[in-house]
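Residue-level structure breakdown
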Amino acid sequence: MANSIATDLQNNIISQSALEQFTSILAPINAFSTSFSDEASARGNKVTILNLANTSSATDFSPATGYSSQDTTFGETQIELNKHKFVTWHITDKQRSESSSIELERFGYQKGGDLAKAVFQDICSEITGANYADAVTASATNFGVDDVANLRKEAINNNLPVENLALVLNAGHYANLIQDSAVASALAYGSSDAIKGGKVPSLFGIPSIYETNSIPGNGENLEGFVAHPAGLAVAMRYLEPSNSQEYISARRVSDPETGMVMGYREFYDPKAGVQTAVLECVYGFKVGRGEGII
C-alpha cells in the first residue's frame with residue numbers, strides 16, 4: 001500500500017533534499033567574495049560588497065610630521081541581481097498517490113543539483129585569460145603537489161595571502177592530486193583523509209580545496225583555479241512572489257551555515273491534474289581584481 005504524506009511534509013522533504021545538493025555543488029563559490037541572504041529582493045536589484053582596494057606602504061617616522069595619517073581606499077563592488085535560473089518537474093495525481101517520501105526526495109536532490117551546476121558554470125564563465133592573466137599549465141595525468149606549489153607561488157607573487165586562498169579542481173586533476181604519494185601517504189601528509197574520505201583538507205597552507213565536475217572549459221581548457229575572494233564577487237537573494245496565494249507553496253530555502261538561498265514554488269493545474277514544482281535562484285556576479293584568480 002502506498003504511503004500517504006501530508007502536502008507540507010512532502011514540500012519540506014523535497015526542498016530540504018534539494019538544498020543539500022544545491023549547497024554541496026555550489027560550495028566552491030565560497031572561494032569568492034560572497035553576499036548571500038535569505039532576505040527577499042527583486043530581480044535587477046543591486047547588492048554592494050565592500051572590499052579593501054588598496055593600502056599604503058609603511059613609511060619612516062619623522063618627528064616633524066609624527067604619525068601622519070595614511071590614505072586607505074575602501075572599494076565597493078556593485079552586483080546586479082540580473083541572473084535568474086530555474087528547474088521544474090511535475091507529478092500527476094496518480095503518481096502522487098503512489099509516491100513515497102524517498103521517491104519525492106530523489107526529485108528534489110536531482111533537481112537541486114541541476115540548478116546548482118547551471119549557476120556554478122555561469123559564474124565560472126568569467127574565469128578567462130582576458131579577465132585573469134596569470135595561468136599555470138598542467139595536464140590531469142601529471143597534476144600533483146608540485147603544481148599546487150607553483151600555483152601557491154604565483155598567488156604569493158600577486159600579493160595574495162595564502163590563508164585566504166581556495167583551490168578548485170575538476171575531477172581529473174583532483175583524482176591525480178589525491179594519488180600523489182605526498183598526499184596519499186598518511187605518514188607523509190600527516191592525515192589519512194585522502195585515503196579514507198578522498199578529501200584534501202589543506203595543502204601548503206591553502207585552507208580550502210574543492211573537487212567538482214562542473215568547471216566550464218570556457219574555450220580555454222580551464223580545469224581549475226586558485227582564487228582569492230578579491231578575484232570575483234557573487235551575490236544571491238530570494239525572489240519573493242508578488243502574490244504567494246496563487247501557489248500551493250512558495251518559500252525561501254536557505255542554508256544556515258553558508259547563507260546560500262533558493263526559492264521553492266509549487267502550483268496545481270486542476271484541469272490536467274498535474275502539480276508542478278519549481279526551484280529557482282536569483283543571483284549576480286562581477287569580476288574583481290585581475291590578479292585575484294590564477
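Let me sum up the structure you'll find in this document. Keep in mind that what you see is a predicted model, and the values were worked out from it rather than measured.

With respect to the packing of aromatic side chains
Note on aromatic pairs: each is described by the distance of the centres and the angle between the planes. Inspection of every chain in the model, using the stated rule, returns four aromatic pairs. Each ring, one from W89 and one from F107, has its centre 6.2 Å from the other, and the planes form 10 degrees; the classification is stacked. Pair noted here: W89 is in strand β4 (residues 83-92) and F107 is in helix α3 (residues 101-124), with a separation of 18 residues, a long-range link. Classification of W89 as buried rests on a relative accessible area of 9%.

A word on the pattern of salt bridges
All chains considered together, the criterion is met by four salt bridges. The closest approach of N and O atoms between E240 and R252, which form a salt bridge, is 3.8 Å. Placement of the pair is E240 in the loop between β8 (232-238) and β9 (249-254) and R252 in strand β9, with a sequence separation of twelve residues. Residue classification places E240 among the partly exposed residues on the basis of a relative accessible area of 47%. For R265, the salt bridge identified is with E280, shortest N-O distance 2.7 Å. Taken together, the positions of R265 in strand β10 (residues 261-269) and E280 in strand β11 (residues 274-287) put the pair 15 residues apart, joining distant regions of the chain.

Quick word on helix α4 (residues 145-157)
Its 13 residues give α4 an end-to-end C-alpha distance of 18 Å, which sits within 8% of 18 Å, the value for a rise of 1.5 Å per residue. On the buried face of α4, the contacting elements are β5 (166-170), α5 (171-179), α6 (181-184) and β7 (224-227). Positioned one or two residues after α4, N159 has a phi angle of 60 degrees, which is positive.

What to know about the sheet that holds β7
In spatial order, the strands read β6-β5-β7; together these three strands make up an open sheet with mixed pairing. With one partner strand each, in any of the chains shown, β6 (208-212) and β7 form the two edges of the open sheet. Taking the axes of each pair of neighbouring strands and ignoring which way they run, one obtains an average angle of 15 degrees across the sheet. Two elements, β5 and β6, share five bridges in a ladder whose sense is parallel.

Topic: the pairing of β10
Of the pairings in the sheet, the one linking β9 to β10 comprises six bridges and is antiparallel in character. Along β10, the bridge assignment pairs R252 with G263. Hairpin connection from β9 to β10: six residues lie between these consecutive antiparallel strands, with G259 at a positive phi of about 85 degrees. Sheet topology note: the β10/β11 ladder contains seven bridges and is antiparallel.

Focus: the side chain of E280
Given the relative accessible area of 6%, E280 is considered buried. Polar contacts involving the side chain of E280 include one to the side chain of H84, which spans 2.7 Å. Looking at E280, its side chain comes within polar contact range of the side chain of R265, at 2.7 Å. When sequence neighbours within four positions are dropped, the list of residues in contact with E280 reads H84, K85, F86, L115, L239, M262, G263 and R265.

With respect to the environment of S17
You can see S17 is positioned in helix α1 (residues 7-26). Residue S17 is classed as buried on the basis of its relative accessible area, which comes to 4%. With 94 residues separating them in the primary sequence, S17 and K111 have C-alpha atoms 9.4 Å apart. When near neighbours in sequence (up to four residues on either side) are disregarded, S17 contacts E105, G108 and Y109. Of the polar contacts made by the side chain of S17, one reaches the backbone nitrogen of Y109; its length is 3.3 Å.

Quick look at the side chain of H228
Residue placement: H228 occurs in the loop between β7 and β8. Every residue in contact with H228, bar those within four places of it in the chain, is listed here: A31, L160, P161, N164, L165 and G292.

Scoring rules and cut-offs
- Residues numbered from 1 in each chain as written.
- Predicted model: local features only at pLDDT ≥ 70, side-chain atom pairs only at ≥ 80, totals over all residues.
- Heavy atoms only, no water.
- Phe/Tyr/Trp six-rings, centres within 6.5 Å; stacked < 30°, edge-to-face > 60°.
- Helix = DSSP H or I, 4+ residues; strand = E, 2+ residues; numbered from the N terminus.
- Buried < 20%, exposed > 50% of the residue type's maximum accessible area, 1.4 Å probe, protein only.
- Salt bridge = Lys/Arg side-chain N within 4 Å of Asp/Glu carboxyl O.
- Expected span 1.5 Å × (residues − 1).
- Contact = heavy atoms within 4.5 Å.
- Pairing = 2+ DSSP bridges.
- Axes fitted to C-alpha atoms, helices over the stretch in contact; angles between N-to-C directions.
- Polar contact = N/O pair within 3.5 Å; in protein donor to acceptor, adjacent residues only side chain to side chain.

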